[in-house]
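# Per-entry structural report
Single-letter residue listing:
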Amino acid sequence: MRVIDDVLAFVLGGLGSRVFGAMWPNVFIALVTLVKIACIVAPLMLSMAYLTLLERKIIGWMQARLGPNRVGPFGLAQPFADGLKLLFKEIVIPSGADKWVFLAAPVFAIAPALAAWAVVPFDDGLVLADVNAGLLTLMAITSIGVYGVVLAGWSSNSRYAFLGGMRSAAQLISYEVAMGLALIVVVMVSNSLNLGDIVRSQGKGLFANAGFSVLSWNWLPLFPVFIVYLVSIVAETNRAPFDMAEGESEIIGFHLEYSGLAFALFYMAEYASMILCSTLAALLFLGGWLSPFGFLPDGFHWLLVKVFVILTGFLWIRATFPRYRYDQVMRLGWKVFIPITLLWTLVVGAWMMSPWSVWK
Amino acid sequence: MASVKDVFKSLTLGELVSGLTVTARALFAPKTTVLYPEEKTPRSPRFRGMHALRRHPDGTERCVGCKLCEAACPAAAITIEIAPNERGERKTTRYEIDMNKCIFCGFCVEACPVDAIVETRFHEYCVESRAGLVWTKDRLLDNGARREEEIARDLARDMKYR
Ligand code: SF4
Ligand code: SF4
């Protein structure tokens, strides 16, 4: 990220200070930030597009099919064909719908999933905004996403969409509790809310010193919390088997009335938050950019590998399990996950205070 | 006691994992999908595709205009008109199969005493209008001329079962 600063300063420095005068340092910061944002969002959009292809391929293979392979070699142009198709479709606004809220809802859904990347570190120091309470910021931003769902359901002026919106809102809020509790445990052991520090704290310990960093990462000592977190992010992102929000085959979800690009935005939001939550899981539990073994260098590529593995897990789960019944989803959230995380918070707390603590 | 056991069993996620292994195996299993326009499945010599009218090796039409096929057709898809030709032979002047009606039962083929009307392996004949599905004598003869070798081979292979 520093490189971008230096390059821009070098290229625009002279011209900028002449045009903007004393204002230049401020303008320069804004400019640099915009460039950095583009550097994060553009690859993100591309990976979202290809995640849809990967999903269709993997689910196809698991169902003894081939998946899309007609558009371009190996179907590689398929996401663009899909995007183009949705682009050319009409956005139908139902009569009686609250037009502006109706159109703002998809934006509410996707904006947090993109904005949250500001605090996500990709490598040691490679982060747009290295804020102290990064994790808290992230939780705050992503929880806005639920407004997209509620507003979409409410503004559609359709009973099905309304009920779907209510259902998804209840689900998202319930799982956010379990997720938040899981994060608390992570914050406890790493003693920081900064995502970079959380990753760095996983790089030390008994096993890491012996060269097996992979065993020092949070997933092993916090295994139950790790599982709870993984399942919670599946529910948070409205993915199968918790895709009550969509429920296309029986109960119909909040985006029932959406078409064209507005609908595409909801889909992009789903995939963006999938990638975001997977990255977060990789950072919090799988040591982010740290390499699993002492003799291999750390780096961004490790984060990519971990995120890819978790995303594949998402798709694998979708291809395997049937959709949960709604009351089962709620029971799992409130009666199973929250008690488990609370219990483990207690256990970890006691563990940290005991002489056998591994987080000294 | 049993329910406590169940709770712990469900906490180990054992059943979920065994489900996941099934799909993981399927992921690497060989795929049997046939990539249709490029690859085709083998077809039987009895395949009932597009009809064809055949000719004798000397070029004259096999069909003797007996109208047995017209009579046998349960869907009344065949229309035949006949008139004697210049040599005084009974020949069809019009022979049409309306493929909007045809049910590909093959009765016309069975009825024909001279193996004039046959059904070929060809089945990729989609058209954009209903009128295009009424096959005239010319088209049927043309189809026969184009595939005569295959038709003869298929008939020969099937002969011992007739
Ligand atoms: S295949 Fe059957 S329905 Fe079709 S033309 Fe022949 S007899 Fe009629
Ligand atoms: S096709 Fe065969 S059955 Fe039909 S009219 Fe000609 S000879 Fe007779």
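Residues numbered from 1 in each chain as written. Chains lettered and ligands numbered in written order. Predicted model: local features only at pLDDT ≥ 70, side-chain atom pairs only at ≥ 80, totals over all residues. Heavy atoms only, no water.

### A closer look at the overall build of chain B
- The helix and strand inventory of chain B stands at 5 helices and 5 strands.
- In terms of C-alpha radius of gyration, chain B reaches 27 Å, well past the compact-globule figure of 15 Å for 162 residues.
- Reported as C-alpha extents along the three principal axes, the dimensions of chain B are approximately 95 × 35 × 30 Å.
- Counting only residues that meet the buried cut, chain B has 31% of its 162 residues in that class.
- Summarising the internal contacts of chain B: among those between residues at least 6 apart in sequence, 69% fall at separations of at least 24.
- Accessible surface computed for chain B: about 10500 Å², of which carbon and sulfur atoms make up 57%.
- The average position of the 27 basic charges and that of the 24 acidic charges among the side chains of chain B differ by 4 Å. (Helix = DSSP H or I, 4+ residues; strand = E, 2+ residues; numbered from the N terminus. Rg over C-alpha atoms; globule rule 2.2 N^0.38 Å. Buried < 20%, exposed > 50% of the residue type's maximum accessible area, 1.4 Å probe, protein only. Contact = heavy atoms within 4.5 Å. Areas by Shrake-Rupley, 256 points an atom, 1.4 Å probe, with all protein chains shown as cover. Lys, Arg positive; Asp, Glu negative; His and termini not counted. Charge placed at Lys NZ, Arg CZ, Asp CG, Glu CD.)

### Side note on helix 5 (residues 137-159) of chain B
Residues and elements named next belong to chain B.
- A rise of 1.5 Å per residue sets the reference length of helix 5, with its 23 residues, at 33 Å; its end C-alpha atoms lie only 26 Å apart and thus fall more than 12% short of the reference.
- Maximal helix bending in helix 5 amounts to about 75°, located at arginine 147.
- For helix 5, every residue scored as buried is listed here: Lys137, Leu140, Leu141, Asn143, Gly144, Arg147, Ile151, Asp154, Leu155 and Asp158.
- The inward-facing, buried residues of helix 5 abut strand 1 (51-53), strand 3 (90-98), strand 4 (117-119) and strand 5 (134-135). (Expected span 1.5 Å × (residues − 1). Bend = angle between axes of the 7 residues up to and from the residue.)

### Things to note about the layout of surface pockets
- Taken as a whole, the largest pocket encloses approximately 1700 Å³ of empty space.
- Taken together, 49 residues make up the lining of the largest pocket; nearest its centre are Ile227, Val231 and Ile317 of chain A together with Leu13 and Leu16 of chain B.
- Looking at the lining of the largest pocket, the elements that each hand over two or more residues are helix 10 (223-236), helix 12 (300-320) and helix 13 (326-353) of chain A together with helix 1 (2-11) and helix 2 (14-28) of chain B.
- No other element matches the 9 residues that helix 10 of chain A contributes to the lining of the largest pocket.
- For the lining of the largest pocket, the residue count by class is 38 nonpolar, 5 polar and 6 charged.
- Here the second largest pocket is characterised by a volume of approximately 910 Å³.
- As for the second largest pocket, its lining consists of 31 residues, and the residues nearest its centre are Thr52, Asp82, Leu86, Tyr267 and Tyr271 of chain A.
- Residue assignment for the lining of the second largest pocket shows that the elements contributing at least two residues are helix 2 (24-62), helix 3 (78-87) and helix 11 (260-285) of chain A.
- By residue number, the principal contributor to the lining of the second largest pocket is helix 2 of chain A, which donates 8 residues.
- Residue classes in the lining of the second largest pocket are distributed as 17 nonpolar, 3 polar and 11 charged. (1 Å grid on protein atoms, 1.4 Å probe; cavity = no way out; pocket = protein on both sides within 12 Å on 5 of 7 lines; lining within 4 Å. Points joined across faces, edges and corners; volume = space filled by probe spheres on them. Nonpolar A, V, L, I, M, F, W, Y, C, P; charged D, E, K, R; others polar.)

### Observations concerning the site of ligand 1
- The full set close to ligand 1 counts 14 residues, and Cys73, Cys102, Cys105, Gly106 and Cys108 of chain B are the nearest of them.
- Residue composition of the shell around ligand 1, grouped by class: 11 nonpolar, 2 polar and 1 charged. (Near = heavy atom within 4 Å.)

### Some thoughts on the packing of aromatic side chains
- In this structure the tally under the stated criterion is 20 aromatic pairs over all chains.
- Look at phenylalanine 242 of chain A and tyrosine 324 of chain A: their rings are 5.1 Å apart centre to centre, the planes differ by 15°, and that puts the pair in the stacked class. Of the two residues, phenylalanine 242 of chain A sits in the loop between helix 10 and helix 11 while tyrosine 324 of chain A sits in the loop between helix 12 and helix 13, which places them 82 residues apart along the sequence.
- Residue classification places phenylalanine 242 of chain A among the buried positions, given a relative accessible area of 3%.
- Through a chain of ring-to-ring contacts, three or more aromatic side chains come together here, namely Trp219, Phe223, Phe226, Tyr229 and Phe285 of chain A.
- We note lysine 99 of chain A situated over the ring of tryptophan 100 of chain A; from NZ or CZ to the ring centre the distance is 5.2 Å.
- Residue placement shows arginine 147 of chain B over the ring face of phenylalanine 122 of chain B; its charged tip is 4.2 Å from the ring centre. (Phe/Tyr/Trp six-rings, centres within 6.5 Å; stacked < 30°, edge-to-face > 60°. Lys NZ or Arg CZ within 6 Å of the ring centre and 35° of its normal.)

### Regarding the pairing of strand 3 of chain B
Residues and elements named next belong to chain B.
- Where strand 2 (residues 78-84) and strand 3 come together, 7 bridges link them in antiparallel fashion. In the sheet register, isoleucine 80 faces strand 3, and the bridge partner there is tyrosine 95.
- Counting the residues between successive antiparallel strands, the hairpin from strand 2 to strand 3 contains 5 residues, one of them, glycine 88, with a positive phi of roughly 80°.
- Across 2 bridges, strand 3 lies against strand 5 in antiparallel orientation. Of the residues in strand 5, the one forming a bridge with isoleucine 97 is tryptophan 135. (Pairing = 2+ DSSP bridges.)

### Notes on the interface of chain A and chain B
- Contact residues are listed per partner, giving 15 residues for chain A and 14 residues for chain B.
- When the two sides are added together, the surface that chain A and chain B hide from each other amounts to roughly 1200 Å², 75% of it contributed by carbon and sulfur.
- Counting across the interface, chain A meets chain B through 1 salt bridge.
- Across the salt bridge formed by glutamate 38 of chain B and arginine 70 of chain A, the nearest N and O atoms sit 3.2 Å from each other.
- Run the count over chain A and chain B and you get 5 residue pairs in polar contact (both at pLDDT 80 or more).
- By residue number, the principal contributor to the side of chain A that touches chain B is helix 12 of chain A, which donates 4 residues.
- Classifying every residue of the side of chain A that touches chain B gives 11 nonpolar, 2 polar and 2 charged. (Buried area = accessible area lost by both parts, 1.4 Å probe. Salt bridge = Lys/Arg side-chain N within 4 Å of Asp/Glu carboxyl O. Polar contact = N/O pair within 3.5 Å; in protein donor to acceptor, adjacent residues only side chain to side chain.)

### Description of the site of ligand 2
- In the vicinity of ligand 2 lie 13 residues, with Cys63, Cys66, Lys67, Cys69 and Cys112 of chain B positioned nearest.
- In terms of residue class, the shell around ligand 2 is built from 11 nonpolar, 1 polar and 1 charged.

### Some points on the pattern of salt bridges
All names here are of chain A.
- With the rule as written, the count across this model stands at 18 salt bridges over all chains.
- Between arginine 56 and aspartate 82 there is a salt bridge whose closest N-O contact spans 2.9 Å. Residue arginine 56 is found in helix 2, and its partner aspartate 82 is found in helix 3; the two are separated by 26 residues along the sequence.
- With relative accessibility at 25%, the residue aspartate 82 sits in the partly exposed group.
- Here arginine 200 ties to aspartate 124 by a salt bridge, and the two come within 2.3 Å at their closest N and O atoms.

### Concerning the environment of alanine 131 of chain B
All names here are of chain B.
- With respect to the helices, strands and loops of the structure, alanine 131 is situated in the loop between strand 4 and strand 5.
- A residue is classified by how much of its surface remains accessible, and alanine 131, at 60% relative accessible area, is exposed.
- For the pair alanine 131 and glutamate 81, spaced 50 residues apart in the sequence, the C-alpha separation amounts to 19 Å.

### Considerations on unusual backbone geometry
- The residue after alanine 240 of chain A, namely proline 241 of chain A, is reached through a cis peptide bond having omega 5°.
- Residue placement: proline 241 of chain A occurs in the loop between helix 10 and helix 11.
- One non-glycine residue with positive phi stands out, namely phenylalanine 104 of chain B, at about 55°.
- Secondary-structure assignment places phenylalanine 104 of chain B in the loop between strand 3 and helix 4 (107-111).
- For phenylalanine 104 of chain B, a relative accessible area of 24% gives the class partly exposed.

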